[in-house]
Amino acid sequence: MEEQVRKRYQISDLIETAIRAREGAYCPYSGFAVGAALLAKDGSVYTGCNIENAAFSPSCCAERVAFFKAVSSGVTEFERIVVVGGKQGEDMVETTPCGVCLQVMLEFCDPDTFEVVSARTTGEYGVRRLTELLPYGFRLRD
Ligand code: THU
């Protein structure tokens, strides 16, 4: 029970961090702002927001920004990611990562344990394992 309470608190903390990260979103083309907070196994947290581009394809999702910040800092083991998103100026909607971001997660995370949290508020969120969201992702096997 204590463990559950602790875990729950950690998730709402990460949601607040993701909401703050969302304020940095650069999304003049879609108007859809996304924030992410990625918890590493060592306890560190990396944030991300979506960054769009006039040429569209160079745009990057919030989740990948968070992962690339972490990996480029030498951190490669992760526990969970929290994602928040919605149209700017409107209520947030439950936002699940795109297929490209899920494939990036699969590169670094154990799909059976890594948690993807999609939150609307600090108290309303869904938790899914990576394997549920990307059951047949590509992996090199030896
Ligand atoms: N986006 C994210 O950053 N993460 C998601 O999980 C879904 C979509 C971004 C991409 C684009 O900048 C905008 O949201 C609308 O698709």
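Here we summarise the structure given alongside this text. None of the values given here were measured: they were computed from a predicted structure.

## Focus on helix H2 (residues 62-72)
- Among all positions in H2, only Ala-62, Glu-63, Arg-64, Val-65, Ala-66, Phe-67 and Ala-70 are buried.
- For H2, the elements touching its buried residues are strand S1 (32-40), strand S2 (45-49), strand S3 (78-87) and helix H3 (99-108).
- Gly-74 occupies a position one or two residues after H2 and carries a positive phi of about 90°.

## Here's the deal with the sheet that holds strand S4 (residues 115-119)
- Reading across from one edge, S2-S1-S3-S4-S5 is the order of the five strands in this open sheet, with mixed pairing throughout. On the outer flanks of this sheet lie S2 and strand S5 (125-129), each paired with one strand and no other. Averaged over all neighbouring strand pairs, the angle between strand axes comes to 20°, with direction disregarded.
- When S1 meets S2, the two strands line up antiparallel, connected through five bridges. Among the inter-strand pairings, Leu-39 is bridged to a residue of S2, identified as Val-45.
- Sheet strands touched by H2: S1, S2 and S3. Its angle to S2, the strand with the most contacts, is close to 140°.

## A look at the site of the ligand
- With respect to spatial proximity, the complete set of residues near the ligand consists of Ser-30, Phe-32, Val-34, Asn-50, Glu-52, Cys-61, Ala-62, Glu-63, Thr-95, Thr-96 and Pro-97.
- Taking Glu-52, its side chain carries an N or O atom lying 2.5 Å from an oxygen atom of the ligand.
- Between the ligand and Ala-62, the relevant distance is 2.9 Å, taken from an oxygen atom to a main-chain nitrogen or oxygen of the residue.
- Within the complex, the protein chains bury 77% of what would otherwise be the 370 Å² of accessible surface of the ligand.
- In this structure the site holding the ligand corresponds to the largest pocket.
- Among the elements of the structure, S1 and H2 are those that each provide at least two residues to the shell around the ligand.

## Looking at a nonpolar patch on the surface
- Side chains of Tyr-26, Tyr-29, Ile-51 and Phe-56 sit close together on the surface and give an oily, nonpolar patch of about 440 Å² of accessible area.
- As for its position among the elements, Ile-51 is in the loop between S2 and H2.
- Assessed through its relative accessible area of 40%, Ile-51 is described here as partly exposed.

## Side note on the state of the cysteines
- Enumeration according to the criterion identifies zero disulfides in this entry.
- Free cysteine Cys-27: the closest other cysteine sulfur is in Cys-49, separated by 8.6 Å.
- Here Cys-61 is not disulfide-linked; the sulfur of Cys-101 is the nearest cysteine sulfur, at 3.9 Å.
- A relative accessible area of 25% means that Cys-61 is categorised as partly exposed.

## Examining the environment of Gly-126
- Locating Gly-126 in the fold gives a position in strand S5.
- Along the primary structure Gly-126 and Asn-53 are separated by 73 residues, whereas in three dimensions their C-alpha atoms are 30 Å apart.
- Beyond its immediate sequence surroundings of up to four residues, Gly-126 is in contact with Val-116, Val-117 and Ser-118.

Criteria and thresholds
- Residues numbered from 1 in each chain as written.
- Predicted model: local features only at pLDDT ≥ 70, side-chain atom pairs only at ≥ 80, totals over all residues.
- Heavy atoms only, no water.
- Buried < 20%, exposed > 50% of the residue type's maximum accessible area, 1.4 Å probe, protein only.
- Helix = DSSP H or I, 4+ residues; strand = E, 2+ residues; numbered from the N terminus.
- Contact = heavy atoms within 4.5 Å.
- Pairing = 2+ DSSP bridges.
- Axes fitted to C-alpha atoms, helices over the stretch in contact; angles between N-to-C directions.
- Near = heavy atom within 4 Å.
- Polar contact = N/O pair within 3.5 Å; in protein donor to acceptor, adjacent residues only side chain to side chain.
- Areas by Shrake-Rupley, 256 points an atom, 1.4 Å probe, with all protein chains shown as cover.
- 1 Å grid on protein atoms, 1.4 Å probe; cavity = no way out; pocket = protein on both sides within 12 Å on 5 of 7 lines; lining within 4 Å.
- Sits in = over half its atoms within 2 Å of the grid points.
- Patch = residues over 30% accessible without salt bridge, like charges linked within 9 Å, V, L, I, M, F, W, Y side chains within 5 Å.
- Salt bridge = Lys/Arg side-chain N within 4 Å of Asp/Glu carboxyl O.
- Disulfide = S-S within 2.5 Å.

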